[in-house]
Amino acid sequence: GNLYGLKPETGRYDASEMLSFINNGKGVFSYLPNQRSGIRSAGEIRDLKPITTSAGSLLLVARNNDGLQVFQRNK
């Protein structure tokens, strides 16, 4: 994720928004554009956690000094 809390003379590390990749099960990853994945998150992303609930599969995105984002997989 990005890192904004640095000294002014260093500047912040602001690379891009979150990217999604799909593993084919053999260690080969393919890029999945945000428009197709439905996942778009900006800021200082610190952790991702996939969870399964009775409502389905969710992806929790924890961002530094920002709200938790929750994405639900469409069936």
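Residues numbered from 1 in each chain as written. Predicted model: local features only at pLDDT ≥ 70, side-chain atom pairs only at ≥ 80, totals over all residues. Heavy atoms only, no water.

**Let's talk about the side chain of S20**
- You can see S20 is positioned in strand β1 (residues 20-23).
- Residues within four places of S20 in sequence aside, it is in contact with S30, Y31, L32, S37 and I39. (Helix = DSSP H or I, 4+ residues; strand = E, 2+ residues; numbered from the N terminus. Contact = heavy atoms within 4.5 Å.)

**As for a nonpolar patch on the surface**
- Taken together, L19, F21, F29 and Y31 make up a surface patch of nonpolar side chains, about 450 Å² in accessible area.
- By secondary structure assignment, the location of Y31 is in strand β2 (residues 29-32). (Patch = residues over 30% accessible without salt bridge, like charges linked within 9 Å, V, L, I, M, F, W, Y side chains within 5 Å. Areas by Shrake-Rupley, 256 points an atom, 1.4 Å probe, with all protein chains shown as cover. Salt bridge = Lys/Arg side-chain N within 4 Å of Asp/Glu carboxyl O.)

**Regarding the pairing of strand β4 (residues 56-63)**
- When strand β3 (residues 45-53) meets β4, the two strands line up antiparallel, connected through eight bridges. Note on β4: the bridge partner recorded for T53 is G56.
- Taken together, β3 and the strand that follows it, β4, pair antiparallel across an intervening segment of two residues.
- Where β4 meets strand β5 (residues 69-72), four bridges bridge the pair, whose relative direction is antiparallel. Following the sheet pairing, L58 is matched in β5 by Q72.
- Turn length for the β4-β5 hairpin, with the two strands adjacent in sequence and antiparallel, is five residues, and the turn residue N65 shows positive phi of about 55°. (Pairing = 2+ DSSP bridges.)

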